[in-house]
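# Examining the three-dimensional arrangement
Below, each chain spelled out in residue letters.
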Amino acid sequence: MAIRPVAFTSVSILAMSVAGVLVPAIAHAQSADAPQAVAEADLPAEEDVIVVSGVRAAISKALDVRRTSTQIVDSIVAEDVGKLPDNNVIEALQRVTGIQVTDRSGGEAAGITIRGLSDPLTTMNGRNIFTAAGQSFALQDISANLVKSVNVYKTRSADQIETGLAGQIDVQTRRPFDFNGFTIAGLARGIYNQQADSYNPNVALLVSDRWETGIGEIGLLVDASYSRTKYRNMSTTAGAFVPFATENPPAGSGFAPLERIFSGWTAGLDYGLPTAAGSTLDINGTQVPYYLSRDAVFSSDLYGERERPSVNVALQWAPNSSSVYTAEVYYSGFRGNTFNSLQFSFVDWWGNPGPFEVYDGTNIIKSRTVDDVYGFNSGDFSTNRTDSMVYALNGKWDLGDRGKIIGDVTYQKSTNQSTFLAMRTDRVASQITADFNAGGGVPSFQFDDNALLADPSVWNVAEFYDNADKSQGDAITGMLDGYYTWDEGFLRQIKAGVRLDRRTAQTFTRARSANRLGRSLSTFPTEALFTNSGFFDGRANVPTSWVLPSGYWINDNVDAVRADFGLSASDTLSLERVFGIEETNLAAYITADTEVSLFGRPLQFQAGVRYVDVDTDAKFYNRLQGGALTQSSNRTSRWLPSATLRYELTDNLRVRFNYGETLRRPNFGDINPNFNLTGDLTGVGFGSGSAGTANLRPTQSKNYDLAVEWYFDRDSAIFITGFRREIDGLVVPLTVREFIPDNDITAGATDFFAITRPVNASNGVLEGVEVGLTYFPDYLPGPLDGLGFNGSVTILDSKQTIPLSDSAGNITGETSSQFFSVSTLSYNATLAYDKGPLNARLSYVWRKEFLRNNEARLFANPIGVWFRPEQSLDFQLTWNVTKDIGVTFDAVNLTNSKQQNYYKFDNVGNPDQFNLGTTLLARTFALGVRFKFD
């Protein structure tokens, strides 16, 4: 009897990976709320199967599964225990069709989008998971060592949790009934981070067994992983644009040559100030010509360390052949600290102005020499700790041989704690010469005497910052699902379920600072000082060494430092409550699967609807007003329909169409109306800040997908998918100038702030095409036999309305831009080799430039921050010494690429004249061994 599938798995970009490399998954394993099954009757008969092993076998089975599945799902799976060479889930997903990865600093990938959208629903074994007070889970905290498979749902059906416009990422862990009996497996890898010159461990161990007992079969699995990474991030940046008088300001204007213009112009315009040569500002009735130049140049040399312990324990009991009970406990931890050695210099003083150069045809200064410049160094030390626990109990009961009932209860709790300590030192340097783009978007700058940067006697101890935050969340969730199937007739399956979830979230904070200490840095003990070296690896003409307070020493001696600055000690400190959220989510759904014959070929149709009722009650505490309480209550009720049509034109050519509706509920922090303020640190006359919008409503999307799939050989296929997302109520930032007296700002003290809030002020459309190819030719001779290719291309086009506003926050019109984090073109290509004991993979990932965010409205440049194209070339090699033991070698970022950004809004801005920052990305090499005995 064939059970109709609910989800399928497509060939992923990792399909050609080998022995320890990701490959396309078969159908989504049975999860807590969505039973899955392969339509076995539609698979080739056993005698028709060409027997192959390793990766080709996995690819062949994955292609068969996609043929017989309903939803569009791309998956990756560890071919065996421990055979997932990437360090975390995000790195593993970067080679999946339609996935775009960002934030590659720190020696790993940390940000992910699906078809350009950045809010995927994150689930584990079908259960919604989250980090602390957030709406999603930090996927980079999931060790790849614990993963059985990862499924990326690009279309949605009514039986799936409704959130996540981008789709759903479901991580499947292992269970003892996955194995035939006693199994022990493990891995140990040493990873060398070239940029940090550090060696880092990555280890894992799995032990599983199952026993026949008098009360049925029992299985127990324990899977644990630990990794530690020491990394170094190096970046150098040309600061923001501000206007300056020309070398010959008009008589009566009151300006000296090249004097910075602080007033008489509007900061934070979408397009920035005009950049045409001869542009003027109307200042007190006088037309004053101006140049645009950078306010500062600065470099960051960040040293970080992170640890990730994780454990998965699963106990299964099958008292009979028709029921299975599973109890699971999952723990994921994160321990991190960073010491940022920041060197910052203004380049905006106009006394005794030196020579300068302007870009041809513009008023933009390219390079200049400035005397008597103020600058500061800052030793910033941050700590971050996350602990997340998931407890789950699941039961599955057969309804004869035609259906099943699944019940699931989950409790989870997640806590995040962070601290931030910073001590600044400052001085006035005699002279600095800066070229804001010396080539390739990288600035250069040198002082008249760089040696003084490393002399503690010339640095005065300035401000001290002492902040801490805590956020926590928990949830208890109950789900009940059931389905019944038929082999023949129009109706093939009915499925229904209900889900009840109660979620709480709380955040707490502490922020304080102290002004100048009034003494030289040289008065501190030697162990309190830190001098870096070799900054930027000689890839930019910038200072390579400077001295500042050691963040490690500050952290170890924090109460002594507090006493020096007149602040109270640790035992007197407490965190103030920011907000508390209680949210109840009730959802119910029903779906039906049907099948008819059209022109002698099967036409399958699945339709369903999901009803969602969400009640969110929030309490907000204003710490600037003694913890004054405000409350809000929002309720969302929606009917969300879905439908999927699948038609077999021939045995090898399939077409499927999907329509579904999804929601994105606001992040809890986005509905908190209280202020988070930063002082006027750059002399523009006002500070900046952010606040939430209590009545922010959910964003809703109508989703259309049309896929054509041609399986032109047993192990080869090509897929083409067109899709469209029509999104209502997109959240965009809106900035308003506000007067906020009696605030707690000491550094850059001011009562005026540009406050940015999220608002539902935009609608948008995202559409595109995905093309994926898997090809394992059978005709290659001799040693080339076993060579294969897997790749994909994603083309995206997006447009969202952006409100235009004045400084008071009044909307004066609108413009349009593409979505944030969307690259219009991305592709990946993997060349794989699988023959005998050797398995290898060479993969390349590339994405076009993209709009990352809009900057705070404080300066004269365009507000959009764009990232240049990004790439990564990786290599993986496995030598199977025996069938149980393998030796692995991995190399990441072979091209030693870098990450760069620049200013642009609409047609104003470019990577050359409007360049911003450059960050070097680490190259890593790993050598390891893994084993499995069963």
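Residues numbered from 1 in each chain as written. Predicted model: local features only at pLDDT ≥ 70, side-chain atom pairs only at ≥ 80, totals over all residues. Heavy atoms only, no water.

### Details of the overall build of the protein
- Summing up its helical and strand segments, the protein has four helices and 45 strands in all.
- What you see for the protein is a C-alpha radius of gyration of 29 Å, in line with the 30 Å of a compact globule of 934 residues.
- If you line up the protein on its principal axes, its C-alpha atoms span 90 × 60 × 55 Å.
- The proportion of buried residues among the 934 residues of the protein is 57%.
- Contacts in the protein between residues far apart in sequence, at least 24 positions, make up 74% of those at least 6 positions apart.
- As presented, the protein carries roughly 34,500 Å² of accessible surface, and 55% of it is formed by carbon and sulfur atoms.
- The centroid of the 79 positive side-chain charges in the protein is displaced by 3 Å from the centroid of its 103 negative side-chain charges. (Helix = DSSP H or I, 4+ residues; strand = E, 2+ residues; numbered from the N terminus. Rg over C-alpha atoms; globule rule 2.2 N^0.38 Å. Buried < 20%, exposed > 50% of the residue type's maximum accessible area, 1.4 Å probe, protein only. Contact = heavy atoms within 4.5 Å. Areas by Shrake-Rupley, 256 points an atom, 1.4 Å probe, with all protein chains shown as cover. Lys, Arg positive; Asp, Glu negative; His and termini not counted. Charge placed at Lys NZ, Arg CZ, Asp CG, Glu CD.)

### Notes on the packing of aromatic side chains
- Within this structure, the stated rule accounts for 34 aromatic pairs.
- Plain terms: the ring middles of Phe344 and Phe346 are 5.1 Å apart, the flat faces sit at 70 degrees to each other, and that makes the pair edge-to-face.
- Classification of Phe344 as buried rests on a relative accessible area of 13%.
- For Phe346, a relative accessible area of 9% corresponds to the buried category.
- Grouped by ring-pair contacts, the aromatic residues Phe298, Phe344, Phe346, Tyr374 and Phe376 constitute a single cluster.
- The aromatic ring of Phe723 is capped on one face by Arg115, whose charged end is 4.0 Å from the ring centroid.
- Here the guanidinium or amino end of Lys904 rests over the ring plane of Trp866, the centre of that ring lying 4.8 Å away. (Phe/Tyr/Trp six-rings, centres within 6.5 Å; stacked < 30°, edge-to-face > 60°. Lys NZ or Arg CZ within 6 Å of the ring centre and 35° of its normal.)

### With respect to the pairing of strand S16 (residues 323-346)
- Counted residue by residue, S16 has 18 buried out of 24 residues, so it is predominantly covered.
- As paired elements, strand S15 (residues 296-320) and S16 share 21 bridges and run antiparallel to each other. Bridge assignment links Gln316 to a residue of S16, and that residue is Thr326.
- In sequence, S15 turns back onto S16 through a hairpin of two residues.
- In this sheet, strand S18 (residues 365-399) lies alongside S16 in antiparallel orientation, the contact comprising 23 bridges. Considered in S18, the bridge of Leu342 is made with Ser378. (Pairing = 2+ DSSP bridges.)

### Re the side chain of Ser798
- Along the chain, Ser798 turns up in strand S34 (residues 787-805).
- Within the local environment of Ser798, its side chain forms a polar contact with the backbone nitrogen of Phe819, the two atoms lying 2.9 Å apart.
- Residue contacts for Ser798: discarding those within four places in its chain leaves Val765, Leu766, Ser817, Gln818, Phe819 and Val822. (Polar contact = N/O pair within 3.5 Å; in protein donor to acceptor, adjacent residues only side chain to side chain.)

### What about the nonpolar core?
- Met423, Ile432, Phe464, Phe524 and Phe565 are the most contacted members of the largest nonpolar core, which has 44 residues in total.
- Tallying contributions element by element places strand S19 (residues 403-435) first for this core, with five residues.
- If near-sequence neighbours (up to four positions away) are discounted, Phe464 is found in contact with Leu421, Ala422, Met423, Arg512, Ser513, Ala514, Ile554, Val561, Arg562, Phe565 and Leu567.
- Listed in part, the 34 residues of the second largest apolar core include Val101, Met124, Phe137 and Leu766. (Core = buried A, V, L, I, M, F, W, Y, C linked by side-chain atoms within 4.5 Å.)

### So, the environment of Ile184
- Among the structural elements, Ile184 can be located in strand S9 (residues 183-193).
- Among the residues examined, Ile184 registers a relative accessible area of 25% and is labelled partly exposed.
- Between the C-alpha atom of Ile184 and that of Ser208, which follows or precedes it by 24 residues, the distance is 6.5 Å.
- Among all residues touching Ile184, those that are not within four sequence positions of it are Leu205, Leu206, Val207, Phe931, Lys932 and Phe933.

### Description of the sheet that holds strand S13 (residues 280-283)
- One open sheet holds the three strands; their spatial order is S12-S14-S13, and the pairing between them is antiparallel. Because the sheet does not close on itself, it has two edges, and the strands there are strand S12 (241-245) and S13. Recorded for the sheet is a direction-independent mean angle of 50 degrees between the axes of neighbouring strands.
- In this structure, S12 lies alongside strand S14 (residues 286-294), joined through five bridges in antiparallel fashion. Paired with Phe241 across the two strands is Arg294, which belongs to S14. (Axes fitted to C-alpha atoms, helices over the stretch in contact; angles between N-to-C directions.)

### A closer look at the pattern of salt bridges
- Under the definition given, this model contains 46 salt bridges.
- Notably, a salt bridge pairs Glu770 with Arg115, separated by 2.8 Å at the nearest N-O pair. Of this pair, Glu770 sits in strand S33 (residues 752-775) while Arg115 sits in the loop between strand S4 (111-114) and strand S5 (121-124), and the two are 655 residues apart along the sequence.
- What makes Arg115 buried here is its relative accessible area of 3%.
- Salt-bridge contacts for Glu648 lead to Arg601; the nearest nitrogen and oxygen are separated by 3.7 Å. Here Arg601 lies in strand S26 (residues 601-622) and Glu648 lies in strand S27 (residues 628-648), a separation of 47 residues in the sequence.
- Residue class for Glu648 comes out buried when judged on its relative accessible area of 11%.
- Salt bridges linked by common partners bring Arg115, Lys154, Asp705, Arg725 and Glu770 together as one network. (Salt bridge = Lys/Arg side-chain N within 4 Å of Asp/Glu carboxyl O.)

### What about the environment of Ala429?
- Topologically, Ala429 is positioned in strand S19.
- Residues Ala429 and Leu780, 351 residues apart in the sequence, show an inter-C-alpha distance of 67 Å.
- Once you skip the residues sitting within four places of it in the chain, Ala429 turns out to touch Asp371, Asp372, Val373 and Phe447.

### What about the pairing of strand S31 (residues 699-713)?
- Bridging between strand S28 (residues 653-664) and S31 involves 12 bridges; their strand directions are antiparallel. Bridged to Phe657 within S31 is Leu706.
- For S31 and strand S32 (residues 716-739), the ladder comprises 12 bridges, and the chain directions are antiparallel. Looking at S32, one finds that Ser701 is bridged to Ile727.
- Joining the antiparallel neighbours S31 and S32 is a turn of two residues.

### As for a nonpolar patch on the surface
- Side chains of Trp397, Leu399, Ile405, Leu480, Tyr484, Trp486, Phe490, Leu491, Val498, Leu500, Leu586 and Val596 sit close together on the surface and give an oily, nonpolar patch of about 980 Å² of accessible area.
- Every element with two or more residues in the nonpolar patch is listed here: S18, strand S21 (460-485), strand S22 (491-514) and strand S25 (576-598).
- In terms of residue count, the dominant contributor to the nonpolar patch is S22 (three residues).
- Tracing the backbone through its elements, the reader meets Tyr484 in strand S21. (Patch = residues over 30% accessible without salt bridge, like charges linked within 9 Å, V, L, I, M, F, W, Y side chains within 5 Å.)

### As for unusual backbone geometry
- Residue Phe536 is not a glycine yet carries a positive backbone phi of 70 degrees.
- With respect to the element layout, Phe536 can be found in the loop between strand S23 (529-531) and strand S24 (547-549).
- The class for Phe536 is buried, based on a relative accessible area of 1%.
- We note that Asn896 has phi near 55 degrees; this positive angle belongs to a residue other than glycine.
- On the basis of relative accessible area, Asn896 is assigned to the partly exposed category, the value being 23%.

### Quick word on the environment of Arg115
- For the pair Arg115 and Ile283, spaced 168 residues apart in sequence, the C-alpha to C-alpha distance is 47 Å.
- Not counting the four nearest positions on each side in its chain, Arg115 is found in contact with Gly98, Lys154, Asp705, Thr721, Phe723, Arg725, Leu766, Glu770 and Leu796.
- Of note is the side chain of Arg115, whose polar atom sits 2.6 Å from the side chain of Asp705.
- A polar contact is formed between the side chain of Arg115 and the side chain of Glu770, at a distance of 2.8 Å.

### Examining the side chain of Ser299
- The topology assignment puts Ser299 in strand S15.
- For Ser299, a relative accessible area of 0% translates into the label buried.
- A polar atom in the side chain of Ser299 sits 3.2 Å from the side chain of Thr236.

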